[in-house]
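Fold and geometry: a report
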Amino acid sequence: MATAEGLHSRAEGREVADGGGPESDAGGPAATSRQVLLRLLRPYRTSLVAVFALQIVSSLAGLAPLIAVVELGRVLLAPGPVDHGAAWLAVWLGVGGLLLRVVLAAASGGIAHLVDGRLQLSLRRLLAQRLGKVPLGWYSHRSSGEINGVVQGDVDQLHHLIAHAPVEATSAVVVPLASLGYLAWVDWRLTLVALVPVLLGLALQRRQACEVPPPAGGGV
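So, here's what we can say about the structure. (Residues numbered from 1 in each chain as written. Predicted model: local features only at pLDDT ≥ 70, side-chain atom pairs only at ≥ 80, totals over all residues. Heavy atoms only, no water.)

1. Points about the overall build of the protein
Counting its secondary structure elements, the protein contains 9 helices and 0 strands. When the elements of the protein are put in sequence order from the N terminus, they spell out α-α-α-α-α-α-α-α-α. Evaluated residue by residue, the protein yields a buried proportion of 27% over its 220 residues. Long-range contacts, defined here as pairs at least 24 residues apart, represent 80% of the contacts in the protein between residues at least 6 apart. Carbon and sulfur atoms provide 68% of the accessible area of the protein, an area that totals close to 14,300 Å². (Helix = DSSP H or I, 4+ residues; strand = E, 2+ residues; numbered from the N terminus. Buried < 20%, exposed > 50% of the residue type's maximum accessible area, 1.4 Å probe, protein only. Contact = heavy atoms within 4.5 Å. Areas by Shrake-Rupley, 256 points an atom, 1.4 Å probe, with all protein chains shown as cover.)

2. Structural notes on helix 9 (residues 188–211)
In an α-helix there are 3.6 residues to a turn, and that puts residues three or four apart on one side. Its 24 residues give helix 9 an end-to-end C-alpha distance of 35 Å, which sits within 8% of 34 Å, the value for a rise of 1.5 Å per residue. Of all bends in helix 9, the biggest is about 25°, found at Leu195, and the proline Pro197 comes one to four residues later. Between the side-chain oxygen at the start of helix 9 and the backbone nitrogen of Arg189 there is a gap of 3.0 Å, and the oxygen is on Asp187. (Expected span 1.5 Å × (residues − 1). Bend = angle between axes of the 7 residues up to and from the residue. Polar contact = N/O pair within 3.5 Å; in protein donor to acceptor, adjacent residues only side chain to side chain.)

3. Section: the packing of aromatic side chains
In total, this model carries 2 aromatic pairs according to the counting rule given. Plain terms: the ring middles of Tyr182 and Trp185 are 5.9 Å apart, the flat faces sit at 40° to each other, and that makes the pair tilted. In this pair, Tyr182 and Trp185 both sit in helix 8 (residues 158–186), 3 residues apart, roughly one turn of the helix. A residue is classified by how much of its surface remains accessible, and Tyr182, at 18% relative accessible area, is buried. (Phe/Tyr/Trp six-rings, centres within 6.5 Å; stacked < 30°, edge-to-face > 60°.)

4. Regarding helix 7 (residues 144–156)
For helix 7, built from 13 residues, the straight-helix expectation of 18 Å at 1.5 Å per residue is met to within 8% by its first-to-last C-alpha distance of 17 Å. At Val150, helix 7 is bent by approximately 40°, the largest bend along its length. Those residues of helix 7 lying buried are Ile147, Gly149, Val150, Val151, Asp154 and Val155.

5. Details of the pattern of salt bridges
Taken as a whole, this structure holds 3 salt bridges when the rule is applied. Between Arg74 and Glu71 there is a salt bridge, and its shortest N-O distance comes to 3.5 Å. Residue Arg74 and its partner Glu71 are located together in helix 4 (residues 64–77), separated by 3 residues, close to a single helical turn. The salt bridge partner of Arg124 is Asp156, with a shortest N-O separation of 2.5 Å. Here Arg124 is found in helix 5 (residues 84–131), whereas its partner Asp156 is found in helix 7, with 32 residues between them in sequence. (Salt bridge = Lys/Arg side-chain N within 4 Å of Asp/Glu carboxyl O.)

6. Focus: a nonpolar patch on the surface
A cluster of nonpolar side chains, contributed by Trp88, Val91, Trp92, Val95 and Leu99, occupies part of the molecular surface with about 540 Å² of accessible area. Within the secondary structure layout, Val91 lies in helix 5. Overall, Val91 belongs to the partly exposed group, its relative accessible area being 31%. (Patch = residues over 30% accessible without salt bridge, like charges linked within 9 Å, V, L, I, M, F, W, Y side chains within 5 Å.)

7. A word on the environment of Leu121
Counting through the fold element by element, Leu121 comes out in helix 5. A relative accessible area of 44% means that Leu121 is categorised as partly exposed. In this structure the C-alpha to C-alpha distance between Leu121 and Val155, which are 34 residues apart in sequence, comes to 9.1 Å.

8. Some words on the environment of Ala61
You can see Ala61 is positioned in helix 3 (residues 45–62). In the structure, Ala61 is positioned 35 residues away from Gly96 in sequence and 8.4 Å away in space, judged by C-alpha atoms.

9. Some details on the packing of helix 8 against helix 9
For the pair helix 8 and helix 9, interaxial distance at closest approach is 5 Å and the crossing angle is 140°. Judged on the interaxial angle alone, helix 9 and helix 8 are oblique. Each of Leu180, Leu183, Ala184 and Val186 in helix 8 lies in contact with helix 9, whose residues at this interface are Trp188, Leu190, Thr191, Ala194 and Leu195. Split by residue class, the contact of helix 8 with helix 9 holds 8 nonpolar, 1 polar and no charged. (Axes fitted to C-alpha atoms, helices over the stretch in contact; angles between N-to-C directions. Parallel < 35°, antiparallel > 145°, perpendicular 65-115°, else oblique. Nonpolar A, V, L, I, M, F, W, Y, C, P; charged D, E, K, R; others polar.)

Honestly, it's all geometry; don't read function into it.
As structure tokens, then:
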């Protein structure tokens, strides 16, 4: 978020503040970082929706091998003769889920990196166009490192936000929820037991965060 806001302010607002560049298109209060980010990502909404959808299915498919092991154990430990058909079905479902997870995860990550590459290219072109329109006197007050930081460094910082964060965040949410759902379907009492360490950990983390003293001298 901070990177998007920084790009917006440094590329569009500094020229106006210094009185040496083109006027900003914004006609009102400065946009928040979230609004800036959403505006930058608006042309790629369809691709990002595909990233989230593929990663959701991939995360669910990744649980298939674990569930297959559970179901295979039920078949093998059931009284009476072993149901070979059910055993092999569990095996193949686990293998199929694993392969599906690999394919969909690769597709999701590939699309996310493609969006990241296109966004960075468009931002650098926009910044280069704006920098080409400012008067020469504007450059006399700035070092080449500062300008390079806007065109290269700030844009590069968007890589993890666009190419990795959607995939990782989706997986971090879907996998625990799906696991708890399956566990609740198997035995709701086990679900409650499994939630106890999580709740205790969250409570301890919150308590420790409250006990941390504020930094000396106050915040910036």
